[in-house]
Amino acid sequence: MAESRAQNTSSQGSSGAKQPGRGQGQQQSESFSDQAQSAIRGVADQASDMWDSASDQSQRYYRQGSQALGNMDGATLGGLVAAGALGFAIAWLLFGQSSASRNVARGMSRSSERYR
């Protein structure tokens, strides 16, 4: 940037007279450019910090989940799988096979209207 300023001052005219408004406009654009670069750096630093924080938090959750599953006995795990299968079967019976082609919320609304 300093080199371009030196070139601009030397190329402003062979007589040494400055052109009016030329230097001030360039200074304003350089200060705007500096402000934009500073803002972009700040946003990039914030994004990097947020990514690091999210990564650390996800690692903690993964470790906690692994420990919870590791401490679970076979009967508890079997019960959870059975409860999930039962819930899926009940939903299948209520909404039928064609629910994939319809709007699920609309189907739920219709099924609740039947019991009013």
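Refer to the structure above for everything that follows.
This report concerns the structure included in the present document. (Residues numbered from 1 in each chain as written. Predicted model: local features only at pLDDT ≥ 70, side-chain atom pairs only at ≥ 80, totals over all residues. Heavy atoms only, no water.)

Topic: helix H3 (residues 74-95)
Part 1: Look at H3: 32 Å from first C-alpha to last across 22 residues, which is about the 32 Å you get at 1.5 Å a residue.
Part 2: Within two residues after H3, Gly96 carries a phi angle of roughly 75°, on the positive side. (Helix = DSSP H or I, 4+ residues; strand = E, 2+ residues; numbered from the N terminus. Expected span 1.5 Å × (residues − 1).)

Considerations on a negative patch on the surface
Part 1: A surface patch of negative charge is lined by Asp45, Asp49, Asp52 and Asp56.
Part 2: Along the polypeptide, Asp49 turns up in helix H2 (residues 22-70). (Patch = residues over 30% accessible without salt bridge, like charges linked within 9 Å, V, L, I, M, F, W, Y side chains within 5 Å. Areas by Shrake-Rupley, 256 points an atom, 1.4 Å probe, with all protein chains shown as cover. Salt bridge = Lys/Arg side-chain N within 4 Å of Asp/Glu carboxyl O. Lys, Arg positive; Asp, Glu negative; His and termini not counted. Charge placed at Lys NZ, Arg CZ, Asp CG, Glu CD.)

Quick look at the packing of aromatic side chains
Part 1: Inspection of the entire model under this criterion finds 1 aromatic pair.
Part 2: With a centroid separation of 5.9 Å and an interplanar angle of 40°, the aromatic rings of Phe88 and Trp92 are classed as tilted. Of this pair, Phe88 and Trp92 both sit in helix H3, separated by 4 residues, roughly a single helical turn. (Phe/Tyr/Trp six-rings, centres within 6.5 Å; stacked < 30°, edge-to-face > 60°.)

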